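# Chains, contacts and geometry: an overview
What follows is the residue order along each chain.
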Amino acid sequence: MCGRNSLFTEQDDLEDRFGAEVVADGSYRPRHNIAPGDDLHIITNEASDEIARYHWSLIPFWANEPEGGMINARSENAGEKRVFERAWNSRPCLVLSSGLYEWRSTNGGSKQPFQIHREDDPAFAMAGLWDVWEGEDETISCVTILTTEPNDLMNSIHDRMPVVLPQDAESDWLAADPDTRKELCQPYPKGDLDAYEISTRVNNPGNDDPQVIEPLDHEQSGLGEFSS
DNA sequence: CCAGACGTTGTT
DNA sequence: GTCTGG
DNA sequence: CCAGACGTTGTT
DNA sequence: GTCTGG
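Residues numbered from 1 in each chain as written. Chains lettered and ligands numbered in written order. Predicted model: local features only at pLDDT ≥ 70, side-chain atom pairs only at ≥ 80, totals over all residues. Heavy atoms only, no water.

## Things to note about the protein's contact with DNA strand C
Which entries qualify depends on this criterion: Put simply, a residue is near a molecule or strand once any heavy atom of it comes within 4 Å of that molecule or strand. N or O atoms within 3.5 Å of each other form a polar contact, as long as, within protein, one can give a hydrogen and the other can take it, and as long as residues adjacent in sequence are counted only when both atoms are side-chain atoms. In this count, Pro and Cys sit with the nonpolar residues alongside Ala, Val, Leu, Ile, Met, Phe, Trp and Tyr, while Asp, Glu, Lys and Arg are called charged and the others, Gly among them, polar.
Lining the immediate environment of DNA strand C, one finds Arg-4, Ala-35, Pro-36 and Pro-205. Restricting the count to atoms of DNA strand C within 4 Å of the protein gives a sugar and phosphate share of 0%. Here a base oxygen of DNA strand C sits 3.2 Å away from a polar atom, N or O, in the main chain of Pro-36. Class assignment for the residues of the surface near DNA strand C results in 3 nonpolar, no polar and 1 charged.

Rendered as structure tokens:
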């Protein structure tokens, strides 16, 4: 699945990469630790030239209270679920990322976090769904990230992964009909994703700084002390 | 008909 | 154990 | 996703 | 809003 994200690409590079501009109230700043409940930067099908901020946790438009919400949706059946029906049918979006985080469970119960990104790409896009919840005196623009089976790289880490779109499928994802979009929800089909181990510093969402993405150094961690 | 749910993930 | 907050 | 809280009463 | 369960 995908429960933590980052977006630290320089704004100019990000805008060039997606051919879109951060909207006036997008208040873009590099982020290294974006948790559910924070804002994600996305491009919607209704404004494919804009990068906007949406609350990460989809609240169905018909909900009475803006509580709970969905941080992920299974792409295999999202179109058949009531909570996602409207968003699936008409509200696809691109969720921008410089790198996502996944945790690998180990036998001892501890978890090893990984940073996953696309080689030679300043940012990539995950498939998402957006909607707008309107209350009496509150409006929440919100988003969820679609998940699927892991590809070969991710399989060693986790049993789910977000739908990562090949770059040439990004515009199709926004423009296609629901049946065609479902076909795009595949385990990432190319070999250019890379994963590396990072410190458990990422576990605490308060640690939102470049240190989070530094590769884990086994020598410094002491594991290499005995081999020399 | 009305009432009540509507979801994912991981873990036990 | 389970929910809320980040 | 993980981290951290999880409660009441009365008093300041 | 829309489906399922009673």
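After that view, the rundown keeps rolling.
## Considering the protein's contact with DNA strand E
Taken together, Phe-61, Trp-62, Arg-82 and Glu-85 make up the full set of residues near DNA strand E. Counting only atoms of DNA strand E within 4 Å of the protein, the fraction found in sugar and phosphate groups is 40%. The contact in question runs from a sugar or linking oxygen of DNA strand E to an N or O atom on the side chain of Arg-82, over 3.4 Å. Of the residues that constitute the surface near DNA strand E, the class distribution is 2 nonpolar, no polar and 2 charged.

## Some points on the confidence of the model for chain A
One rule of thumb: low pLDDT means the predicted coordinates there are not for detailed reading. Basically, it comes down to this: pLDDT expresses how confident the predictor is about each individual residue, on a scale running from 0 to 100. Only heavy atoms enter the contact rule, under which two residues are in contact if any of them lie within 4.5 Å.
A residue-level look at chain A finds 95% of positions with pLDDT of 70 or above and a mean pLDDT of 94. Segment residues 222–228 is flagged for pLDDT under 50; beyond a separation of four residues in sequence, or across chains, it makes 4 contacts in the model. Interface scoring of the predicted complex returns ipTM 0.89; its pTM is 0.94.

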